[in-house]
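Read off the chains here:
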Amino acid sequence: MSRPIQTTFIDKVRRVQIAVVAARGADRRHFDFGDDVAPGVRLVLSEVGGEPLAFSLWTSPQDIAQLCSDASVPATAALLAIDGDQARKATAAGHTVDLSQFSRSQTNPDLYYVLFDHASRRQIHAVLHRLVPALATHPAAA
């Protein structure tokens, strides 16, 4: 029985990654929430120096536990993730995405995440500024 669940989760991760790639080609914003791209997953869109960034925000406790490879995290409110390729491209363009502040997913090795015990729009925005230091500062991120 666990095999179909694993396959379903892998498919969900792929669907989210396809949405991330598509979102990076859309209009760029400093900070915005996209629509749900899968149950319990929506995108957080940003850009730095003309380089689009699309983070995935996971809120399902089962998905968070799966990405973290740890069933002890279901009390976490959300997980914000970025794929390593996207972070490396932004860094190569001169806009650091500080992967040292992320944890690396055990189940998806090129996926990096941060956990939130409370995931308000304001908190996610503030953390995004910490993770991507080159984002222009403005009062809404304070």
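Residues numbered from 1 in each chain as written. Predicted model: local features only at pLDDT ≥ 70, side-chain atom pairs only at ≥ 80, totals over all residues. Heavy atoms only, no water.

### Things to note about the overall build of the protein chain
Rules: Put simply, DSSP H or I for four residues or longer makes a helix, DSSP E for two residues or longer makes a strand, and each gets a number counted from the N terminus. The buried label applies to any residue whose accessible area, calculated with a 1.4 Å probe on protein chains only, is under 20% of its type's maximum; exposed applies above 50%, and partly exposed to all values in between. Residue contacts follow a heavy-atom distance rule, with two residues in contact if any of their heavy atoms lie within 4.5 Å. For the accessible areas, the method is Shrake-Rupley and the probe is 1.4 Å, while residue cover comes only from the protein chains on display.
Broken down by element type, the protein chain carries four helices and six strands. A burial count over the protein chain gives 44% of its 142 residues as buried. Taking all contacts inside the protein chain whose residues are at least 6 apart in sequence as the whole, residues at least 24 apart take part in 52%. Here the protein chain has roughly 7,300 Å² of accessible surface; of this, 53% comes from carbon and sulfur atoms.

### Regarding the packing of aromatic side chains
This is how it is decided: Ring pairs are drawn from Phe, Tyr and Trp, using the six-membered ring of Trp, whenever the two centres fall within 6.5 Å, and their geometry is named by plane angle: stacked under 30 degrees, edge-to-face over 60, tilted for the rest.
Applying the stated criterion across every chain yields a total of two aromatic pairs. Measuring from centroid to centroid gives 6.1 Å for F9 and W58, while their planes differ by 45°, and the two rings are tilted. Highlighted residues: F9 in helix α1 (residues 2–24) and W58 in strand β3 (residues 51–58), separated in sequence by 49 residues. The buried category is assigned to W58, whose relative accessible area is 1%.

### Let's talk about helix α3 (residues 84–92)
Convention followed: For this quantity, the arc is that covered by the directions from the helix axis to the C-beta atoms.
Restricting attention to buried positions, one finds in α3 the residues G84, Q86, A87 and A90. The arc that holds every buried residue of α3, seen down its axis, measures 165°, which confines them to one face. Once α3 ends, the next one or two residues include G94, with phi positive near 95°.

### Concerning the pairing of β3
For clarity, the cut-off: If DSSP finds at least two bridges between two strands, the strands pair.
Judged by how many residues are buried, β3 sits mostly within the fold: eight of eight residues are covered. Of the two faces of β3, the one lined by E51, L53, F55 and L57 and the one lined by P52, A54, S56 and W58 are each fully buried. In this structure, strand β2 (residues 41–48) lies alongside β3, joined through eight bridges in antiparallel fashion. Residue pairing in the sheet places V48 in a bridge with E51 of β3. Connecting the antiparallel pair β2 and β3 is a turn made up of two residues, with G49 showing a positive phi of about 55°.

### Topic: the sheet that holds strand β1 (residues 32–38)
Applicable threshold: Helix axes use the C-alpha atoms of the stretch in contact, all axes being lines fitted to C-alpha atoms, and the angles between their N-to-C directions lie in the range 0 to 180 degrees.
A sheet is described by the order of its strands in space; here six strands give the open sequence β1-β2-β3-β4-β6-β5, paired in antiparallel fashion. Looking along the sheet, the strands with just one partner apiece sit at the ends: β1 and β5 (103–104). In this sheet, strand β6 (residues 111–116) lies alongside strand β4 (residues 78–83) in antiparallel orientation, the contact comprising six bridges. If you follow A78 over to β6, its bridge partner there is F116. On the sheet, α3 packs against β3, β4 and β6 and is oriented at approximately 60° with respect to β4.

### A few points about the nonpolar core
The test is simple: Side-chain atoms within 4.5 Å link the members of a nonpolar core, which is a set of buried Ala, Val, Leu, Ile, Met, Phe, Trp, Tyr and Cys residues.
Ranked by internal contacts, the top residues of the largest apolar core, which has 23 residues, are V44, F55, L80 and V132. Mapped by element, the contributors of at least two residues to this core are β2, β3, β4, α3, β6 and α4 (121–131). When residues in this core are grouped by element, the largest group, four residues, is from α4.

### Brief notes about the side chain of N108
Our working rule: Polar contacts, as counted here, are pairs of nitrogen or oxygen atoms within 3.5 Å of one another; within protein the pair requires one atom able to donate a hydrogen and one able to accept it, and residues that are adjacent in sequence qualify only if both atoms are side-chain atoms.
Examined against the element boundaries, N108 turns out to sit in the loop between β5 and β6. Within polar-contact distance, the side chain of N108 engages the side chain of T107 at 3.1 Å. With residues near it in sequence (within four places) discarded, N108 still touches F9, V13 and L67.

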